Amino acid sequence: MTSQAENTNPNPQDRVMIFDTTLRDGEQSPGATMTLDEKIKIATLLDDMGVDIIEAGFPIASDGDFEAVSEISKLAKNAVICGLARASKGDIERAWGALQHAKKPRIHTFIGTSPLHREHQLSMSEAQVLDKIRETVTFARSLCENVQWSPMDATRTEHDYLIEAVAIAVDCGATTINIPDTVGYTAPRESAQIIEMLLERVPGLDQCVIATHCHNDLGMATANALAAVEAGARQIECTINGLGERAGNTALEEVVMALKIRNDIMPFHTGIDTTKIMQASRMVSTVSGFPVQFNKAIVGKNAFAHESGIHQDGMLKHAGTFEIMRPEDVGLTESNLVLGKHSGRAALKDKLQQLGFDLGDNAFQEAFVRFKALADAKKEVHDDDLIALVDDARTSATHDRIQLKSLRIVCGTDGPQEAALELEIEGQVHNHTTSGDGPVDAAFNAIKALVPHTAQLKLYQVHAVTDGTDAQAEVSVRLEEDGKIVTGYAANTDTMVASVRAYVNALNKLMVRREKSAPAPIKAAG
Ligand code: KIV
Ligand code: ZN
């Protein structure tokens, strides 16, 4: 078992930089759209936990992406802030515009190099793609000293052509060369061989940082990224919880913990404060509405749970028998201290701090009021209850335009099921009572009657925060309107109240999105 201090290797050759793309590649997963406030919260945490480079968005894609990159650039304390751009001067200028306030800006520009991308996506010849690389990397370098270049679909690109393309980017001044496995096609040995081949055959590449960017379509993203590091890559591109298009990207928590725990056979280190991993995982899961699978490595609910008798017996005798890392190394506080209605402010503050929440005075006061209400509704308040409570407080705001005032549900075997709903909309209270196929349908019909909209319900998901019949229900609701996707979230001991509040939360976000909406968003493949 290693500790944070033991991993502080002074040899820069062994330092692997962590490039987090949760806010760009992660946000591209259908349904994972985040608001500006949510992006800022995530970026602040990534910066605090020691992420070296934050890819904050794709500024040409929408005004929202531009604003996110620009605002994150203003607040980042340590991290390099990166904006993505296709191989066009317009994209690169827009990215550079968004990065103006960054202490350490980076332009990341890319173009597809594989035969499939050249012919079918770009309709360009081999020579035309090489000319574009020359033109755009030179232009990006004329604006910014820190330029990353990526040959999209590199792992399906002819080797000789990939060498030629990378050599041009190096020659034109790219400082980081990223090798994307855009469609999650490679395997560990091949991932390493491509890096070794490039290092051997591209003059001057050893003066650049080599990055690895893997997608997880065959479940090998973590293994492929680590193999690339062993071959000479010194930047891993990844996302929290492996969020990303299709099967996602390399998971930050997996590569960071693998390098920490198996430092004996992979002698590399990162600058990540691993005790913030759980907090980041929960935040990204709540904001994106993508639950973390129970058996997910490092951050899954069961990652440190021991159910079988043999395992429990071993754990009681020595934790090392069945645990290769300590829960506290990833920020999981193992605690039997359960709060209840007699717990005061000091106990709550202490507990929230242990869970990694450092709330300001106002936020703490609001959390305390919610905690008291929760402790009245349920006897024991567990760690997971408090995490849900803070997440709920973060997602709903007193200035939201639509607020739930009251809800009455009639349900049971003898229909019809009915919902009597009272909402405050822009300061005015409105009521509606209606029926539906079950209580959720009735309640959502009542919302639609009070706030007419054409958005389609894409996801309705309920999850019990703890065991027991008095558990809080965590509800996620995803809505889609004209290609805009938003996810609402709420937690409550009453499943119906949580459901209505999650729907209302999604509608509030949709109203914000409508106002900021720009022409149809552009997406980078992968
Ligand atoms: O997967 C990919 O190729 C990408 C590029 C934009 C780097 O995300
Ligand atoms: Zn990608």
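Source: prediction; values computed, not measured.

1. Regarding the sheet that holds strand β9 (residues 402–410)
- With respect to topology, three strands assemble into an open sheet ordered β9-β10-β11, the strand pairing being antiparallel. Each edge of the sheet is formed by a strand with only one pairing partner; in this case those strands are β9 and β11 (428–436). Going across the sheet, the axis of each strand differs from the next one's by a mean of 15°, ignoring polarity.
- Both strand β10 (residues 417–425) and β11 contribute to a ladder of nine bridges, which runs antiparallel. Pairing of Ala419 across the sheet is with Thr434, part of β11.

2. Some thoughts on the pairing of strand β3 (residues 80–86)
- Within β3, six of the seven residues are buried, leaving the element largely enclosed by the surrounding structure.
- At this point the chain moves from strand β2 (residues 53–57), through helix α3 (residues 63–75), to the parallel β3, and the crossover so formed is right-handed.
- Here six bridges tie β3 to strand β4 (residues 105–112), and the two strands are oriented parallel to one another. Paired with Gly83 across the two strands is Ile107, which belongs to β4.
- The parallel pair β3 and β4 is bridged by helix α4 (residues 89–98), and the resulting crossover is right-handed.

3. Overview of the packing of aromatic side chains
- Enumeration according to the criterion identifies four aromatic pairs in this entry.
- Pairing Phe444 with Tyr503 gives two aromatic rings, centres 4.6 Å apart and planes at 65°, and the pair type is edge-to-face. Taken together, the positions of Phe444 in helix α16 (residues 439–450) and Tyr503 in helix α17 (residues 495–516) put the pair 59 residues apart, joining distant regions of the chain.
- In this structure an aromatic cluster arises from ring pairing among Phe364, Phe368 and Phe371.
- Cation over ring: Arg156 sits above Tyr185, and NZ or CZ is 5.9 Å from the ring centre.
- Here the basic side chain of Lys301 rests over the ring of Phe294, its NZ or CZ set 6.0 Å away from the ring centre.

4. Observations concerning the nonpolar core
- Ranked by internal contacts, the top residues of the largest apolar core, which has 59 residues, are Ile81 and Ile236.
- Sort the elements by how many residues they give to this core and helix α10 (residues 252–261) lands first, with seven residues.
- In terms of nonpolar packing, the next biggest core, distinct from the first, is built from 33 residues, Leu130, Val137, Ala154 and Ala174 among them.

5. Description of the pattern of salt bridges
- A full pass over the atoms with the stated rule returns 29 salt bridges.
- When the shortest N-O distance is used, the salt bridge between Arg370 and Glu366 registers 3.2 Å. Linking Arg370 with Glu366, this pair stays in helix α14 (residues 361–377), spanning four residues, or about one helical turn.
- Close ionic contact of Asp385 with Lys378 constitutes a salt bridge, the shortest N to O distance being 2.7 Å.

6. Considering the sheet that holds strand β14 (residues 484–492)
- Judged by pairing direction, the sheet is antiparallel, and its three strands sit side by side in the order β12-β13-β14 without closing on themselves. On the outer flanks of this sheet lie β12 (456–464) and β14, each paired with one strand and no other. Along the sheet, successive strands turn relative to each other by an average axial angle of 15°, direction set aside.
- Relative to β14, strand β13 (residues 473–481) runs antiparallel, the two sharing nine bridges. Bridge pairing in β14 links Ala473 to Asn492.

7. Observations regarding the side chain of Glu55
- Of note, Glu55 is situated in strand β2.
- Here the side chain of Glu55 touches Thr21 through a polar contact of 2.8 Å, side chain to side chain.

8. A look at helix α2 (residues 36–48)
- When the terminal C-alpha atoms of α2 are compared, their 18 Å separation across 13 residues agrees well with the 18 Å that a helix rising 1.5 Å per residue should span.
- Looking at α2, one finds that the buried residues are Leu36, Glu38, Lys39, Ile42, Ala43, Leu45, Leu46 and Asp47.
- Downstream of α2 by one or two residues, Gly50 has phi in the positive range, about 100°.

9. Things to note about the environment of Asn146
- Within the secondary structure, Asn146 is located in the loop between α6 (126–143) and β5 (147–152).
- Between the C-alpha atom of Asn146 and that of Lys104, which follows or precedes it by 42 residues, the distance is 8.3 Å.
- Discounting residues that sit within four places of it in the chain, Asn146 has contacts with Val80, Pro105, Arg106, Ile107 and Thr175.
- Side chain to side chain, Asn146 and Thr175 meet in a polar contact 3.5 Å long.

10. With respect to the confidence of the model for the protein chain
- Per-residue pLDDT for the protein chain has a mean of 91; in total, 93% of the residues score no lower than 70.
- Across residues 1–9, confidence stays below pLDDT 50; counting only partners more than four residues off in sequence or on other chains, it has 20 contacts.

11. A word on the pairing of β5
- Among the six residues in β5, six count as buried, and that is most of the element.
- Neither face of β5 is left uncovered, since the one carrying Val147, Trp149 and Pro151 and the one carrying Gln148, Ser150 and Met152 both have all their residues buried.
- As judged from the six bridges shared by β4 and β5, these two strands associate in the parallel manner. Directly across from Gly112, in β5, lies its bridge partner Met152.
- Examined bridge by bridge, β5 and strand β6 (residues 176–181) share two bridges and lie parallel to one another. Pairing of Trp149 across the sheet is with Ile177, part of β6.
- Crossover connection from β5 via helix α7 (residues 159–171) to parallel β6: handedness right-handed.

Rules of the game
Residues numbered from 1 in each chain as written. Chains lettered and ligands numbered in written order. Predicted model: local features only at pLDDT ≥ 70, side-chain atom pairs only at ≥ 80, totals over all residues. Heavy atoms only, no water. Pairing = 2+ DSSP bridges. Helix = DSSP H or I, 4+ residues; strand = E, 2+ residues; numbered from the N terminus. Axes fitted to C-alpha atoms, helices over the stretch in contact; angles between N-to-C directions. Buried < 20%, exposed > 50% of the residue type's maximum accessible area, 1.4 Å probe, protein only. Right-handed = clockwise from strand over helix to strand, strands pointing away. Phe/Tyr/Trp six-rings, centres within 6.5 Å; stacked < 30°, edge-to-face > 60°. Lys NZ or Arg CZ within 6 Å of the ring centre and 35° of its normal. Core = buried A, V, L, I, M, F, W, Y, C linked by side-chain atoms within 4.5 Å. Salt bridge = Lys/Arg side-chain N within 4 Å of Asp/Glu carboxyl O. Polar contact = N/O pair within 3.5 Å; in protein donor to acceptor, adjacent residues only side chain to side chain. Expected span 1.5 Å × (residues − 1). Contact = heavy atoms within 4.5 Å. pLDDT = per-residue confidence, 0-100.

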